[in-house]
Every structure is written in structure tokens, then in C-alpha cells.
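Here's the letter readout for the chains.
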Amino acid sequence: NAGNEAALWWSRDWRVAFSRQATVLGTDTAGYNMNVIYPLAVPKGRRLCCEVCDAPAERVCRACTVTYYCGVVHQRADWGSIHEKICQLLIPVRTSMPFYNSEEERQHGLQQLQQRQRHLIEFCYTVAQKYLFEGRHEDAVPAALHSLRFRMNVHGLSSVELVPAYLLLAEASLGLGRIVQAEEYLSQAQWTVLKSTECSYATHSLLHRNLGLLYMAKENYEEARYHLANDVSEIWNKYLNNHHQVLSRVRIQQIDLLGEQFETDTGLDEAQEAEAIRILTSILKIRELTSDKAPQKTIFVLKALVMLYYLMMNSSKATFALKAQEYATRALNLAKERQLSVCEQSTIQNLLSLIKTEDAHPVT
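Here goes a summary of the coordinates provided. (Residues numbered from 1 in each chain as written. Predicted model: local features only at pLDDT ≥ 70, side-chain atom pairs only at ≥ 80, totals over all residues. Heavy atoms only, no water.)

## So, the side chain of Lys303
Logical step 1: The residue Lys303 is located in helix 13 (residues 295-311) in this model.
Logical step 2: Within polar-contact distance, the side chain of Lys303 engages the side chain of Glu344 at 3.3 Å.
Logical step 3: Once you skip the residues sitting within four places of it in the chain, Lys303 turns out to touch Glu344, Thr347 and Ile348. (Helix = DSSP H or I, 4+ residues; strand = E, 2+ residues; numbered from the N terminus. Polar contact = N/O pair within 3.5 Å; in protein donor to acceptor, adjacent residues only side chain to side chain. Contact = heavy atoms within 4.5 Å.)

## Focus on the state of the cysteines
Logical step 1: In total, this model carries zero disulfides according to the counting rule given.
Logical step 2: Looking at the unpaired Cys50, the closest cysteine sulfur is the one in Cys70, lying at 3.7 Å.
Logical step 3: Unpaired in this structure, Cys53 has its nearest cysteine sulfur neighbour in Cys50, at a distance of 3.8 Å.
Logical step 4: Residue Cys53 is classed as buried on the basis of its relative accessible area, which comes to 4%. (Disulfide = S-S within 2.5 Å. Buried < 20%, exposed > 50% of the residue type's maximum accessible area, 1.4 Å probe, protein only.)

## Details of the packing of aromatic side chains
Logical step 1: For the coordinates displayed, the defined rule picks out two aromatic pairs.
Logical step 2: Aromatic pair Tyr309 and Phe320: ring centres 5.8 Å apart, planes at 50 degrees, arrangement tilted. Of this pair, Tyr309 sits in helix 13 while Phe320 sits in helix 14 (residues 318-337), and the two are 11 residues apart along the sequence.
Logical step 3: Judged by its relative accessible area of 7%, Tyr309 falls in the buried class. (Phe/Tyr/Trp six-rings, centres within 6.5 Å; stacked < 30°, edge-to-face > 60°.)

Put into C-alpha cells, the structure is as follows:
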């Protein structure tokens, strides 16, 4: 249907953009590993489509002979994104299965095929994710499309397993300023989630996060606040607060474990830490820009940022200590200004004191 087609292939906006690029770059294929497709050599009734835009293909990758493109521009985009990494891996996946002498051999062949496809799903997804973390949104799209395509082959067209790939494509579209395209992917993801009875909490969280970023791009801060603040800030606050409570208990018991166990111990890798900062600062911006500035909710987000930066502190990242102190001071000043409870002020003050103590005696 139209929804799946829009989700799987780049829309007209993408095609127009690549057409303009083709005009600039030309169609010289020198140096590119492609062969021209001769129509008479294609079996009757078989439609060869471009890997990137689904337009009729005119060239094939010479290395794997199972990947097709409408021209050099799309081949260049796919090669630079993901194809160079998976070119040879596509051959057994896209080649017709051989004749098997027994049902047992056939089942074994099917299992191997699915294993290869699952590997490609995760690999392409990871590559696309890495590109997004690096801000390389255009490079992320072909890799995310590959992940989506293999997910459809393995799980079907309506499976909730398709949602992570939709969300990657939506995020890439937002990064490129293609709001309409992002809405198409998010609508497909939202519809898939609504139809599913087995959607995990993590998937719901990712969907809300991307919807929040979409509405921020559209400057609809009320909707953005609903999706971001109602979900992500509470998740991070609960997660980070658990880590902070452990650190506080260790400090009270005067057990010197900070240097060994809790140095930069957020439980996240660097890419996830960067994403947490980006999301929480986006939520803070919404809280401060909207007219109904509820101080408790703003402090809630500030405290989450304080705990995140505190857990990321060590001797080699002194800037994290400064950021933690900055957000803690802002939270404390706001609590005093709005005359919040003594307990709330005391909690923030204790956190600020802990940060200053750790900054004065860094772990070595």
C-alpha cells in the first residue's frame, strides 16, 4: 500500500534532491564498479529497481551482481553509506536457493538464509545509528533502508520489528530538514505500534522521542512537550536517580569505591550519553519556552541533567563537573525563587555539595 511504499523508498523529495545532485555531478561512471544493464538480457516479467529510489534500474554492481541502481549518483550514495561494507554478504541472500535433495537440507538452508538476514538487519541498523550520532544524516538513510528491507523480509510488512528502522529514517529526515518525509515514517511507525499487542516499552519510548523532536522542528511545543517530557525525562530521571542513590549510600558508608566502580558509571556508552544530553536539553528548552512554566517540572529536568553530568565526571572530563554545577545551581535558584519546599531545596543543595566535593577531589 501507499504507506509501506512511502516508508520503504525515498519519497519524491529525496528523488528530486538526487536528481539535482545528478545534474551537478553528471553521469560519468569512471572509477565505479558498475555494469550497464541490457534490457534484452533481463528475464521477461522481472522488474529491476534502483536500490535507493525504486526507479527502473540501468546499472548493476559488478562486484556482487545482485544490487541495481538507476545511475551513478545513487550507486555512489549507497556505496558510501553501506554497500561497500555488505556487498559480498548480499550475494547468498539475494541469490536463488539451490535445489536440495531432502526437506532437512531445505530447512537448514532456510535457517541459514534467515540468520544472514538477521545479521544484516542488525549490522545495517548499527551503521545507520552510528552515522546519526556523527551527524551524517544523508549517509544514514541507505543503511537504514537496508535494515528496513530485511526486517520486512524476515518479519513481514506489519511487524513491530519494523519500527526501529522507521524511527532511524525519521531521525535522518529531520536532520536533513525534510519534515514531511519524517512525518511519513513516524506515521507508519505509530500505526504499526498501535496495531501491535507486543510492543516493548523501549519501542514506545523511542517513538515518543522522535515524535517530540518532530514537533519541536515544527515549533509545536505543546505536542513536543507531551511526547518528550511525558516519557523521556521521566525515564532518564528514574534511571539516573537510581545511580545517584547508590553513590550517596556509598558516600554515607564512607566506602571508597568511587575510583574503581563508579567512575563515569552511567551504564551507557559515549554515544548514548551524548543522546541523553541532547534529549534532556531539548526538553529543558521546551520547559523554559512554553508559557506555563511549571517550576517543579523544570527542576525535574534540571536534576536529571545534574545527575547525568555528575555520573559522567572524572579527572579527564572537568567540563562535566562545571555543567553539573551549572544545572544544579539553576535548579536551586529556581527552587528558592518559586519558594518550593525545604525538602526539595535540601535535595538539590546536597547534590550540589556532592558535585563540588568530587570536583575538588577528582578520582585519579
